[in-house]
Amino acid sequence: MPLKVKICGLINKDSVITSINGGASYCGFILNYPKSHRYIYDISKILYLNKINRKKCKLVAVLVNPTNADLNKLKPINFDYFQLHGEESAERIKEIKINHKIKIIKTIKIKKKNDINNYLQYQNIVDLFLFDSYGFEKSKKFNHSWLKSLSDSDIHWMLAGKIGIDNLEKVAKIAKIIDVSGSLEVNKKKDNKKITNFLNKVKKINYENKKKYSPN
């Protein structure tokens, strides 16, 4: 399976289009967390998402303990996923899935190795797990190798937490989907050159892996 990328915390249209054209599989938007410098306070600012060619890229609304009012504000945009980044219970997630008929990404925050098992309470409820640090908008590091035990599991998951072009090859040996944000910024703004370079590196890794494992 080739490495896939979610680019999170996107704000402006140019960076979204750069991400999609570069081959990103997911684009994420911070929509109810004002503490983040990536917060989009007005849903009308991204209405263009309904009109652009998203190709195979999935659009993700990133939310922290969203209220029903928060979720209803998102109706004008055709999102593919809600990513729940707070302390949402399994019952709350079921309620959101039923009411909004949408796929769910649930973030599992990792501080120590045993935290990985917190995904079990949501198993068979969510569509995709994101294993991340406790940093919220401030990406923090944790031992990605703890996730190696999930590599052969049947759960669908992605990995975040201080991922950049410098450690991409190492991370690609652990996860098949990665979430990246801060390493693609300059002065807290997404940099299109960094996005392009990162996605090109992903393509190179995928090409080399395909070549390595293809029969002669």
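As shown above, the structure is provided for reference.
None of these values were measured; they are calculated from a predicted model. (Residues numbered from 1 in each chain as written. Predicted model: local features only at pLDDT ≥ 70, side-chain atom pairs only at ≥ 80, totals over all residues. Heavy atoms only, no water.)

Q: How should the overall build of the chain be read in this particular structure?
A: Tallying secondary structure elements over the chain gives five helices and 10 strands in all. Taken along its principal axes, the extent of the C-alpha atoms in the chain is 55 × 40 × 35 Å. Looking at the chain as a whole, 51% of its 216 residues are labelled buried. Pairs at least 24 apart in sequence give 55% of the contacts found in the chain among residues at least 6 apart. About 11,700 Å² of surface is accessible on the chain, with carbon and sulfur atoms providing 48% of the total. Side-chain charges in the chain split into 42 positive and 20 negative, and the spacing between the mean points of these groups amounts to 4 Å. (Helix = DSSP H or I, 4+ residues; strand = E, 2+ residues; numbered from the N terminus. Buried < 20%, exposed > 50% of the residue type's maximum accessible area, 1.4 Å probe, protein only. Contact = heavy atoms within 4.5 Å. Areas by Shrake-Rupley, 256 points an atom, 1.4 Å probe, with all protein chains shown as cover. Lys, Arg positive; Asp, Glu negative; His and termini not counted. Charge placed at Lys NZ, Arg CZ, Asp CG, Glu CD.)

Q: Teacher, can you tell me more about helix α3 (residues 90–100) here?
A: Residues spaced three or four apart along an α-helix point in a common direction, a consequence of the helix completing one turn every 3.6 residues. Looking at α3, one finds that the buried residues are A90, R92, I93 and I96. With its buried residues spanning 160° around the axis, α3 presents them on a single face. In α3, the exposed residues that point more than 90 degrees away from the buried face are E91, I98 and N99. (Arc of directions from axis to C-beta.)

Q: Any chance you could explain the environment of K56 here in plain terms?
A: As for its placement among the helices and strands, K56 is situated in the loop between β2 (26–30) and β3 (58–63). We classify K56 as exposed; its relative accessible area is 79%. Taking the C-alpha atoms as reference, K56 lies 10.0 Å from N21; in sequence the two are 35 residues apart.

Q: Looking at this structure, I do not really get unusual backbone geometry. What am I missing?
A: In most cases, non-glycine residues show a negative phi, while peptide bonds are predominantly trans. The backbone of K55 sits at a positive phi, close to 55°, despite the residue not being glycine. Following the sequence through the fold, K55 ends up in the loop between β2 and β3. For N124, which is not glycine, the phi torsion reads 70° and is therefore positive. With respect to the helices and strands, N124 occurs in the loop between β5 (103–109) and β6 (128–132).

Q: Teacher, can you tell me more about a positive patch on the surface here?
A: A grouping of K141, K148, K162, K170, K173 and K212 is seen on the molecular surface, where their side chains present a positively charged patch. Within the fold, K170 resides in helix α4 (residues 168–172). (Patch = residues over 30% accessible without salt bridge, like charges linked within 9 Å, V, L, I, M, F, W, Y side chains within 5 Å. Salt bridge = Lys/Arg side-chain N within 4 Å of Asp/Glu carboxyl O.)

Q: Please clarify how the pattern of salt bridges should be interpreted in this entry.
A: Pairing of side chains with opposite charge becomes possible as their charged atoms draw close. Counting across every chain of the model gives 11 salt bridges. The shortest N-O distance in the salt bridge between D179 and K6 comes to 2.6 Å. Placement of D179 in strand β8 (residues 177–180) and of K6 in strand β1 (residues 4–7) is noted, with a sequence separation of 173 residues between them. Residue D179 shares its accessibility class with K6, and that shared class is buried. In this structure, the salt-bridge partner of E185 is K190, at a minimum N-O distance of 2.7 Å.

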